[in-house]
Amino acid sequence: QGQRALAVLIGEARYHDGEYQKSLKSLEAAKSFKSTPDVKNFIKKVKRDIKLEEGFSNSKHTPHFIIRAQKDLLEKAVKKLSSILENTYHDLSKAFMFYPKAPITVIVYNPERRKLNVKLGNPNWATGVYDGEIRIPFGEISKDTLDLETLLRHETVHLFLDNFTKNKIPTW
């Protein structure tokens, strides 16, 4: 049981670092010990994200965030998002008196290349998504800074509440 739990934890850690193939390997090992719905669903999510994030790269860590985007869009995303995300983190940490331990991943999709909501199964009116990571379309970066900050704060609150309640909050 301990080896299985370790394999799941390694799979989750690799996933959040964007190392999807290594994540799959660990999760498949966990599944070989005991196949459960949570591990099967996580494997499906990893496989979906491999397809969604082909050609993506990770930024260097800011103090609290990792930004993932297509290689050619990453620098612009980091430049626009880093200070907004760090300010949001400090404001929300102070308000909630809670400090997430792991770096927070923000994935920026190019909507011309991928239809974010369709691929993730979300409603078409959702601009951003939180599903363990914060996901926003690249087009949001070009919008007014206040609108972008509002979107990022909204999605980051989902993350804080999810972490704060240890994943026991409804996804709505």
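Residues numbered from 1 in each chain as written. Predicted model: local features only at pLDDT ≥ 70, side-chain atom pairs only at ≥ 80, totals over all residues. Heavy atoms only, no water.

Draft legend 1. Spotlight on the pattern of salt bridges. For the structure on display, the rule yields 12 salt bridges. Its salt-bridge partner being Asp 131, residue Lys 45 comes within 3.8 Å of it at the nearest N-O pair. Of this pair, Lys 45 sits in helix H3 (residues 37-52) while Asp 131 sits in the loop between strand E4 (129-130) and strand E5 (134-137), and the two are 86 residues apart along the sequence. Given a relative accessible area of 18%, Lys 45 falls into the buried group. (Salt bridge = Lys/Arg side-chain N within 4 Å of Asp/Glu carboxyl O. Helix = DSSP H or I, 4+ residues; strand = E, 2+ residues; numbered from the N terminus. Buried < 20%, exposed > 50% of the residue type's maximum accessible area, 1.4 Å probe, protein only.)

Draft legend 2. Fine view of the packing of aromatic side chains. Here the structure, examined in full by the defined rule, presents 7 aromatic pairs. When the centroid spacing of 6.2 Å and the interplanar angle of 75 degrees are considered together, the rings of Phe 98 and Phe 160 count as edge-to-face. Pair noted here: Phe 98 is in the loop between helix H4 (71-96) and strand E3 (104-109) and Phe 160 is in helix H6 (residues 145-164), with a separation of 62 residues, a long-range link. Both residues of the pair, Phe 98 and Phe 160, count as buried. Through pairs of rings, three or more aromatic residues link up here, namely Phe 65, Tyr 89, Phe 96, Phe 98 and Phe 160. (Phe/Tyr/Trp six-rings, centres within 6.5 Å; stacked < 30°, edge-to-face > 60°.)

Draft legend 3. Seen up close, the confidence of the model for the protein. On average, residues of the protein carry a pLDDT of 85, and 89% of them reach 70 or more. H4 holds the highest mean pLDDT among the elements of the protein, 94, whereas helix H5 (residues 116-120) holds the lowest, 52. (pLDDT = per-residue confidence, 0-100.)

Draft legend 4. A look at unusual backbone geometry. Despite not being glycine, Met 97 shows a phi value in the positive range, around 50 degrees. Residue placement: Met 97 occurs in the loop between H4 and E3.

Draft legend 5. Local environment of the pairing of E3. Of all 6 residues making up E3, 6 are buried, and the element is well covered by its neighbours. Burial along E3 is two-sided: Ile 104, Val 106 and Val 108 and Thr 105, Ile 107 and Tyr 109, pointing in opposite directions, are all buried. Examined bridge by bridge, strand E2 (residues 65-70) and E3 share 4 bridges and lie parallel to one another. Across the sheet, the residue bridging to Arg 68 is Ile 107, located in E3. For the handedness criterion, the β-α-β arrangement of E2, H4 and E3 is classed as left-handed. Two elements, E3 and E5, share 4 bridges in a ladder whose sense is parallel. Residue pairing in the sheet places Val 108 in a bridge with Ile 136 of E5. (Pairing = 2+ DSSP bridges. Right-handed = clockwise from strand over helix to strand, strands pointing away.)

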